[in-house]
Amino acid sequence: MIDKRAFQGLGGADHGWLKAKHHFSFANYYEPKRMGWGSLRVWNDDEIAPRSGFPPHPHADMEIITYVRDGAITHQDSLGNQGRTEAGDVQVMSAGSGIRHAEYNLEPETTRIFQIWIEPTQRGGEPTWGAKPFPKGDRAGRFVTLASGLPDDADALPIRTDARVAGATIRAGETAEYKLAAGRHAYLVPAVGSVEVNGVRLDARDGAAISDEPVLRVRALEDAEVVLVDAA
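Everything numeric here is computed off the predicted structure, so don't read it as measured data. (Residues numbered from 1 in each chain as written. Predicted model: local features only at pLDDT ≥ 70, side-chain atom pairs only at ≥ 80, totals over all residues. Heavy atoms only, no water.)

Asker: Lay out the overall build of the protein in plain terms, naming residues and giving numbers.
Answerer: From N to C terminus, the protein includes 0 helices and 22 strands. The C-alpha atoms of the protein give a radius of gyration of 16 Å, which matches the 17 Å a tight globule of 232 residues would have. For the protein, the spread of C-alpha atoms along the three principal axes comes to 45 × 40 × 35 Å. Burial analysis of the protein (232 residues in total) assigns 53% to the buried set. Only carbon and sulfur atoms are counted for the fraction: they give 48% of the accessible area of the protein, which is about 10,100 Å². Averaging the locations of the 26 positively and 33 negatively charged side chains of the protein gives two centres separated by 2 Å. (Helix = DSSP H or I, 4+ residues; strand = E, 2+ residues; numbered from the N terminus. Rg over C-alpha atoms; globule rule 2.2 N^0.38 Å. Buried < 20%, exposed > 50% of the residue type's maximum accessible area, 1.4 Å probe, protein only. Areas by Shrake-Rupley, 256 points an atom, 1.4 Å probe, with all protein chains shown as cover. Lys, Arg positive; Asp, Glu negative; His and termini not counted. Charge placed at Lys NZ, Arg CZ, Asp CG, Glu CD.)

Asker: Go over unusual backbone geometry, please, and point to the residues and values.
Answerer: Despite not being glycine, Asp61 shows a phi value in the positive range, around 50°. Among the structural elements, Asp61 can be located in the loop between strand 5 (52-59) and strand 6 (63-70). Overall, Asp61 belongs to the buried group, its relative accessible area being 16%. In the Ramachandran plot, Asn198 falls in the positive-phi region, its phi being about 50° despite a non-glycine side chain. Taking relative accessible area as the criterion, Asn198 reaches 28% and is therefore assigned partly exposed.

Asker: I'd like to hear about the sheet that holds strand 5, residue by residue, with values.
Answerer: Strand order in the open sheet made by the 4 strands is 5-10-7-8, with antiparallel pairing throughout. Of all the strands in the sheet, the pair left with one neighbour each is strand 5 and strand 8 (82-86). Taking the axes of each pair of neighbouring strands and ignoring which way they run, one obtains an average angle of 20° across the sheet. In terms of strand pairing, strand 7 (residues 72-77) meets strand 8 through 5 bridges, oriented antiparallel. Note on strand 8: the bridge partner recorded for Ile73 is Thr85. (Pairing = 2+ DSSP bridges. Axes fitted to C-alpha atoms, helices over the stretch in contact; angles between N-to-C directions.)

Asker: Explain the packing of aromatic side chains to me, and be specific about the residues and the numbers.
Answerer: As enumerated under the stated definition, the model contains 7 aromatic pairs in all. Judged by centre distance (6.4 Å) and plane angle (25°), the ring pair of Tyr67 and Phe114 falls under stacked. Linking Tyr67 in strand 6 with Phe114 in strand 11 (residues 111-118), this pair joins segments that are 47 residues apart in sequence. Just as Tyr67 is buried, Phe114 falls in that class too. Ring geometry for Phe143 versus Tyr178: centroids 5.6 Å apart, planes at 70°, classification edge-to-face. Of this pair, Phe143 sits in the loop between strand 12 (128-132) and strand 13 (144-148) while Tyr178 sits in strand 16 (residues 175-179), placing them 35 residues apart in sequence. For the pair Phe143 and Tyr178, a shared accessibility class is recorded, and that class is buried. Each member of the aromatic cluster is reached from another via a ring pair, and the members are Phe24, Trp43, Tyr67, Phe114 and Tyr187. (Phe/Tyr/Trp six-rings, centres within 6.5 Å; stacked < 30°, edge-to-face > 60°.)

Asker: Provide a residue-level description of the sheet that holds strand 22 (residues 224-231), including the pertinent values.
Answerer: Read across the sheet, 7 strands follow the order 1-20-17-22-15-13-14 without closing on themselves; strand pairing throughout is mixed. The outermost strands of the open sheet, each flanked by one partner alone, are strand 1 (2-5) and strand 14 (157-158). Bridging between strand 1 and strand 20 (residues 207-210) involves 4 bridges; their strand directions are antiparallel. Of the residues in strand 20, the one forming a bridge with Arg5 is Gly207.

Asker: Please set out the nonpolar core residue by residue, giving values where relevant.
Answerer: Trp43 and Ile118 are the most contacted members of the largest nonpolar core, which totals 25 residues. If you list the elements that add at least two residues to this core, you get strand 4 (40-48), strand 6, strand 9 (90-94), strand 11, strand 13, strand 15 (163-170), strand 17 (185-192) and strand 22. If we ignore the near neighbours within four places in the chain, the residues touching Trp43 are Lys21, His22, His23, Phe24, Phe114, Gln115, Ile116, Tyr187, Val189, Val227, Leu228 and Val229. Among the nonpolar cores identified, the runner-up in size contains 21 residues, and Ile2, Val218, Ala220 and Leu228 belong to it. (Core = buried A, V, L, I, M, F, W, Y, C linked by side-chain atoms within 4.5 Å. Contact = heavy atoms within 4.5 Å.)

Pasting the structure below:
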């Protein structure tokens, strides 16, 4: 089953400095049929104006993954962590028992991100933050795990949940495959380009909620970059 969710039909908000589209219910956008997909709770498509960003605010009991599509995001938090994450790279924050953080676009151009929230397996615990570069050449034509709480994904950024975040860059005409175990929930979004997933077309920034598809065959209709969450 593949439920396509066209970008133009997503809820959203325009705050001037922030233009956001929400694949699931978030903030003032409420859609009872889209409260999450398995343990995946939030997938926001954010455009952040130059020299602006999210001031310090709290989180608890959530795994927050930020995939930078364009530009860069600069992180600061109450643990003293600071870091700048560039396009194609990933940062993760396990909010645990509680953390305050800020996310700023200090660049001269617009920064575009996917921010993904996944519910943790257990509540509480010490909050953590980390970031990692993922050169696009390393995931050319195949899915590479970016962040994961699964035991076999030791090289990925760790998250405290039964889920995996993966990415792939696929040239036009080529196909990348992903095996989805029974009972799992996948959500896939092309960051760039158009693809077909098991015959269903997705254009850039469209979403697809997927279940009961043992193998996902992602064929690029044009050069594409895709992000996928595999969640319980």
